[in-house]
Amino acid sequence: SLRRQRQMCIRDRDEAQNATISQIKMFLTRLGENSKMIITGDETQIDLNNRTFSGLKKTRKTLSKIEEVSVLEFENTDIVRNKIVSKILEIFPDK
């Protein structure tokens, strides 16, 4: 059943910088018992026509007020892809 599918699982929302607040809220409200949610995104890579519509920044600030929620922010040095990706991001820090 759908209820059982939402229990004891890990759900991931990648590229959340391109999701609206409503879309992120819809994702978050599907959290099942004993489950985890991971929301990832890069606020410097918003592809929405209006950058202010990105729900990631507001969601990050709002969720950090909830004791049971952990909010982590990564730096370029945390990247574990090919080493050249970190070098590319250093060259284009604000793009």
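Residues numbered from 1 in each chain as written. Predicted model: local features only at pLDDT ≥ 70, side-chain atom pairs only at ≥ 80, totals over all residues. Heavy atoms only, no water.

Caption draft 1: Focus on the side chain of Ser-35. On the secondary structure map, Ser-35 appears in the loop between helix H2 (21–28) and strand S2 (36–39). Within the structure, Ser-35 has its side chain in polar contact with the backbone nitrogen of Cys-9 (distance 3.2 Å). Setting aside anything within four residues of it in sequence, one finds Ser-35 in contact with Arg-6, Gln-7, Met-8 and Cys-9. (Helix = DSSP H or I, 4+ residues; strand = E, 2+ residues; numbered from the N terminus. Polar contact = N/O pair within 3.5 Å; in protein donor to acceptor, adjacent residues only side chain to side chain. Contact = heavy atoms within 4.5 Å.)

Caption draft 2: How the structure looks around the environment of Val-80. The residue Val-80 is located in the loop between helix H3 (56–63) and helix H4 (83–91) in this model. For the pair Val-80 and Thr-52, spaced 28 residues apart in the sequence, the C-alpha separation amounts to 29 Å.

Caption draft 3: Structural view of a positive patch on the surface. A cluster of basic residues, Lys-57, Lys-58, Lys-61 and Lys-65, forms a positive patch at the surface. Inspection of the secondary structure assignment puts Lys-61 in helix H3. (Patch = residues over 30% accessible without salt bridge, like charges linked within 9 Å, V, L, I, M, F, W, Y side chains within 5 Å. Areas by Shrake-Rupley, 256 points an atom, 1.4 Å probe, with all protein chains shown as cover. Salt bridge = Lys/Arg side-chain N within 4 Å of Asp/Glu carboxyl O. Lys, Arg positive; Asp, Glu negative; His and termini not counted. Charge placed at Lys NZ, Arg CZ, Asp CG, Glu CD.)

Caption draft 4: Expanded view of the packing of H2 against H3. Following both chains from N to C, one finds H2 and H3 inclined at 45°, their axes separated by 9 Å at the closest point. One finds that H2 runs oblique with respect to H3. Note on packing geometry: the crossing formed by H2 with H3 is right-handed. Across the interface between the two elements, Ile-21, Ile-24 and Leu-28 of H2 pack against Leu-56, Lys-58, Thr-59 and Leu-63 of H3. Looking at the contact of H2 with H3 residue by residue, the classes come out as five nonpolar, one polar and one charged. (Axes fitted to C-alpha atoms, helices over the stretch in contact; angles between N-to-C directions. Parallel < 35°, antiparallel > 145°, perpendicular 65-115°, else oblique. Left-handed = near helix turned anticlockwise from the far one by under 90°. Nonpolar A, V, L, I, M, F, W, Y, C, P; charged D, E, K, R; others polar.)

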